[in-house]
Amino acid sequence: MERISTDRIVIVGAGMGALYAALKLAPRPVVMISPEPLGDGASSAWAQGGVAAAMDVADSPASHAEDTVSAGAGTVDPGVAALVTQEARDHILDLTRLGTPFDRTEDGGYVLSREAAHSFARVVRVKGDQAGAEIMAALIDQVRRTPSIQVLEGTLATELEVTDGRVTGVTICESDESRSAPVTLAGPAVLLAGGGSGGLYALTTNPPRIRGQVIGMAARAGAVIADAEFVQFHPTAMDVGEDPAPLATEALRGEGAILINRHGERFMQALHPDAELAPRDVVARAIFAEVQAGNRPMLDTRDALGAAIKAQFPSVADYCARNGIDPAVDPIPVAPAAHYHMGGIATDTRGRASLPGLWVCGEASSTGLHGANRLASNGLLEALVYARICAENIAAVIPQVAKAAAPVEITFAPGGTPPAPLAVDELRQVMTRDVGVVRDAAGLTRALTTIARLEQAHGDSPSFQNMCATATLIAAGAFARKESRGAHERADYPAPLPGPGQRSNLTLTKARVIRAAAISTTTQELT
Ligand code: SIN
């Protein structure tokens, strides 16, 4: 395989964490591996709610940290929650300086939305529901004007190069994997910022490419993966037959929208004192139960917002319009969909993975902030905080080269193997059916068996191997966690284990051992 060496820091991904890290590393030269044109295909660009930050004088980082810990169902690292919430305000001010047009009050403050399980309105927003797209646009504008940043648009990372236990490079190809032979790009440090795993599920709010490839790539190279089983299902994805499913932001419920079923019953009031603003896992399970019962759950914004939804939540109004729904007149059908992976590549408070030479930020990482149930709008915040931490740590430990790094120039040779579409479909279906909102040993074993078969049948596609690696980690982690905690609900173990919650740490090797044991136990039971 061709091997190209560069003095540039290699950043895998082009979402909010990747862009912000590239800016924070400047003038240090970086090269970004971006599968799509900048701004397309990243989950961050689709984020509606915004960034959680204690911006109100009556609010505080301590209160934000407390909400984060309590939503996380006993597995949030309190030190990480304190660190991230403390830095939140500074990042909002920085994004403002970088050109983000946050919604502002007449007296110059920030308009703050309320989202579930926050004890305060503290979600900083842009044009109602367009925070992700607008922050990304401001960062992309800065990146385009920063000469130290080279972006390889249309390229995809598929594997990590590890030399004597240290990450020394990344294998890349053209994003259309049928068109190019892979090339190894070797650099002084690799920062993974390529998103989570939601698209491993058939029902998801994530963009199509976000299918666990980055987590899987790190796992295949031997990195430790933390909390793999903790996948957050957003309660109010629109159930309109689109893949990915459009999101109806939680901020709508913050404005008073309610959840009803086809009988007109408001079912959340009986289930939690905070009703529609109960923690996300609670609402997701309630909506899932309504779906299972054939009760067709719906988000009713009619009284809370009426026709004002069009001006206040333009993205949601557009999604409704393209599906023939007028939310001022009709409730919006909803279902829970895979939305955010709390688990990911285990990283320390300097953003370092367990493999030397590898840093991680954003949804691909698992820092300990989210525990078993992420607090709304803490995802973008974590991406920003850890992007800067990674940039600072890389700059501190990787010696700067004296000369300016030349741009990376690659001509890909023909070749390559795309992931098999039918196998990807089958993988996504099994994840939604058997590793979804409610899990049990039988379903998880079925999923692990299917994943093993698909993985073996399609060993020629590194991308598909990455997806299968992450799917294995999620299902094996869920199989091994014999309790219900946060977003991880086991029908066969409905209570949390006594005592403080434990985070999980798995390698891919260990996950495969769990998989083999699960499959062999079932086989023995059947014979
Ligand atoms: C939402 O707007 O409901 C999603 C926000 C988030 O997932 O943090």
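Positions within a chain are numbered from 1, following the residues in the order the chain's sequence is written. Selection of residues for local features in this predicted model requires a pLDDT of at least 70, selection of side-chain atom pairs for listing and counting requires 80 or more, and totals for whole chains, interfaces and linings are taken over all residues. Note that water and hydrogens are dropped before the side-chain values are worked out from all heavy atoms of the structure.

**Student:** Just to check I follow, could you spell out the overall build of the protein for this structure?
**Tutor:** In DSSP terms, a helix is any run of H or I states spanning at least four residues, a strand is any run of E spanning at least two, and both are numbered starting from the N terminus. Along the protein, the regular secondary structure elements total 15 helices and 22 strands. In this treatment the radius of gyration is a C-alpha quantity, and the globule benchmark scales as 2.2 Å times the residue count to the 0.38 power. Relative to its length of 527 residues, the protein is compact, with a C-alpha radius of gyration of 22 Å against a globular reference of 24 Å. With respect to the principal axes defined by its C-alpha atoms, the protein has extents near 70 × 65 × 45 Å. Each accessible area value is a Shrake-Rupley result obtained with a 1.4 Å probe; residue values ignore everything except the protein chains displayed when judging cover. Only carbon and sulfur atoms are counted for the fraction: they give 53% of the accessible area of the protein, which is about 19,200 Å². Neither His nor the chain ends contribute to the count of charged residues, in which Lys and Arg are positive and Asp and Glu negative. Throughout, a charge is located at the NZ atom of Lys, the CZ atom of Arg, the CG atom of Asp or the CD atom of Glu. Across the protein, the 45 positively charged side chains and the 58 negatively charged ones have centroids separated by 3 Å.

**Student:** For this particular structure, what's the right way to read the environment of glutamine 142?
**Tutor:** As for its placement among the helices and strands, glutamine 142 is situated in helix 5 (residues 131-144). Sequence separation between glutamine 142 and leucine 380 is 238 residues, and the spatial gap between their C-alpha atoms is 18 Å. Contact definition: two residues touch when any of their heavy atoms are within 4.5 Å. In this structure, glutamine 142 is in contact with Leu23 and Leu98, ignoring residues within four places of it in sequence.

**Student:** Explain the site of the ligand here, please?
**Tutor:** One heavy atom within 4 Å of a molecule or strand makes the whole residue count as near it. Around the ligand, the neighbouring residues are Gln48, Gly49, Glu115, His234, Leu247, Thr249, Glu250, Arg280, His339, Arg374, Ala376 and Ser377. Note that an oxygen atom of the ligand is positioned 3.0 Å from one of the backbone N or O atoms of glycine 49. A distance of 2.7 Å is found between an oxygen atom of the ligand and a side-chain nitrogen or oxygen belonging to histidine 234. Contact with the protein chains covers 95% of the free accessible surface of the ligand, which is 250 Å². Think of a polar contact as two N or O atoms within 3.5 Å of one another; within protein, one of them needs to be a possible hydrogen donor and the other a possible acceptor, and neighboring residues in sequence only count if both atoms come from side chains.

**Student:** Just checking my understanding: could you explain the nonpolar core for this structure?
**Tutor:** Among soluble globular proteins, nonpolar side chains are generally buried collectively. Buried residues of nine kinds, namely Ala, Val, Leu, Ile, Met, Phe, Trp, Tyr and Cys, make up a nonpolar core once their side-chain atoms join them within 4.5 Å. Each residue gets one of three labels from its accessible area relative to the maximum for its type: buried under 20%, exposed over 50%, partly exposed in between, using a 1.4 Å probe on protein chains only. By size, the foremost hydrophobic cluster in this structure holds 67 residues, and its most contacted members are Leu192 and Ile345. Element by element, the count of residues in this core is highest for helix 14 (residues 462-480), at eleven residues. Here leucine 192 is in contact with Val12, Leu160, Val214, Ala218, Ile345, Leu358, Trp359, Val360 and Cys361, once residues within four sequence places are set aside.

**Student:** How should I be thinking about unusual backbone geometry in this particular structure?
**Tutor:** Glycine aside, residues mostly have negative phi, and peptide bonds are mostly found in the trans state. With an omega dihedral of 10°, the bond running from alanine 26 to proline 27 counts as a cis peptide bond. The topology assignment puts proline 27 in the loop between helix 1 (16-25) and strand 3 (30-34). For the bond from aspartate 243 to proline 244, the omega torsion is -5°, close enough to zero to count as cis. Here proline 244 is to be found in the loop between strand 13 (231-238) and helix 7 (251-254). A positive phi is found at aspartate 164, a non-glycine position, where the angle reads about 50°. Residue position: aspartate 164 is located in the loop between strand 8 (155-163) and strand 9 (166-174). In this structure aspartate 164 comes out as exposed when scored by relative accessible area, which is 81%. A positive phi angle is found at arginine 296, which is not glycine, with a value near 45°.

**Student:** When you look at the pattern of salt bridges in this model, what are you seeing that I'm missing?
**Tutor:** Side chains that differ in sign of charge can pair as their charged atoms come close. Note on definitions: salt bridges are taken to be side-chain nitrogens of Lys or Arg within 4 Å of carboxyl oxygens of Asp or Glu. Under the defined criterion, the tally for this structure stands at 34 salt bridges. For the salt bridge of arginine 145 with aspartate 141, the shortest nitrogen-to-oxygen distance reads 2.8 Å. Across the salt bridge formed by glutamate 159 and arginine 220, the nearest N and O atoms sit 2.9 Å from each other. Here arginine 220 lies in helix 6 (residues 213-220) and glutamate 159 lies in strand 8, a separation of 61 residues in the sequence. Residues participating in the shared-partner salt-bridge network are Glu229, Arg481, Glu483 and Arg485.

**Student:** How should I be thinking about the packing of aromatic side chains in this particular structure?
**Tutor:** Centre distance and the angle of the planes are the two values used to describe a pair of aromatic rings. The criterion for an aromatic pair is that two Phe, Tyr or Trp rings (for Trp, the six-membered ring) have centres within 6.5 Å, with stacked assigned to planes under 30 degrees apart, edge-to-face to planes over 60 apart and tilted to the rest. On inspection of all chains with the given rule, the structure shows two aromatic pairs. Seen from their ring centres, phenylalanine 102 and tyrosine 110 are 5.8 Å apart, and the 65° between their planes marks the pair as edge-to-face. The pair phenylalanine 102 / tyrosine 110 is uniform in exposure class, with both members buried. Residues tyrosine 201 and phenylalanine 233 carry aromatic rings whose centres are separated by 5.5 Å and whose planes lie at 85° to one another, so their mutual orientation is edge-to-face. Remark: phenylalanine 233 occurs in strand 13 and tyrosine 201 occurs in the loop between strand 11 (190-192) and helix 6; sequence separation between them is 32 residues. Pair check on accessibility: tyrosine 201 and phenylalanine 233 agree, each one buried. The ring of tyrosine 110 has arginine 104 sitting right over it, with the charged end atom 4.0 Å from the ring centre. In this structure, arginine 374 packs its charged tip against the face of tyrosine 340, placed 4.1 Å from the ring centre. Either the NZ atom of lysine or the CZ atom of arginine qualifies as a charge over a ring when it sits within 6 Å of the ring centre and within 35 degrees of the ring normal.

**Student:** In this structure, what is going on with the packing of helix 1 against helix 11 (residues 378-397)? I would like to understand it.
**Tutor:** In helix packing, the relevant descriptors are the interaxial angle and the interaxial distance, both defined with respect to the helix axes. Interaxial angles span 0 to 180 degrees and are taken between N-to-C directions of axes, which are lines fitted to C-alpha atoms, for helices over the stretch in contact. Taken N-terminus to C-terminus, the directions of helix 1 and helix 11 make an angle of 35°; their axes are 8 Å apart at the nearest point. Helix 1 and helix 11 meet at a crossing whose hand is right-handed. In this structure, helix 1 uses Met16, Gly17, Tyr20, Ala21, Lys24 and Leu25 to contact helix 11, whose residues at the interface are Leu380, Ala383, Leu384, Ala387, Arg388, Ala391, Ile394 and Ala395. Polar here means any residue outside two lists: the nonpolar Ala, Val, Leu, Ile, Met, Phe, Trp, Tyr, Cys and Pro, and the charged Asp, Glu, Lys and Arg; Gly therefore counts as polar. Looking at the contact of helix 1 with helix 11, its residues break down into eleven nonpolar, one polar and two charged. With the far helix as reference, a near helix turned anticlockwise by less than a right angle produces a left-handed crossing, and one turned clockwise produces a right-handed crossing.

**Student:** Sorry if this is basic, but what is going on with helix 5 here?
**Tutor:** For helix 5, built from 14 residues, the straight-helix expectation of 20 Å at 1.5 Å per residue is met to within 8% by its first-to-last C-alpha distance of 20 Å. For helix 5, the buried fraction is high: ten of the 14 residues fall into the buried class. Ala131, Gly132, Glu134, Ile135, Met136, Ala138, Leu139, Ile140, Gln142 and Val143 are the residues of helix 5 that are buried. On its buried side, helix 5 packs onto helix 1, helix 2 (43-46), strand 4 (51-52), helix 4 (78-97) and strand 7 (149-153). Here the expected length of a helix is defined as 1.5 Å per residue gap, with one fewer gap than residues.

**Student:** Is there a simple way to think about the sheet that holds strand 17 (residues 344-346) in this case?
**Tutor:** Pairing between sheet strands relies on hydrogen bonds along the backbone, with the strands arranged either parallel or antiparallel. One bridge is not enough; two strands pair if DSSP finds at least two bridges between them. Across the sheet, four strands lie side by side as 19-17-12-22; this open sheet has mixed pairing. Among the strands making up the open sheet, the edge pair consists of strand 19 (365-366) and strand 22 (505-506). Across two bridges, the pairing between strand 17 and strand 19 is parallel. Bridge assignment links isoleucine 345 to a residue of strand 19, and that residue is serine 365.

These values are about where atoms sit, not about what they do.
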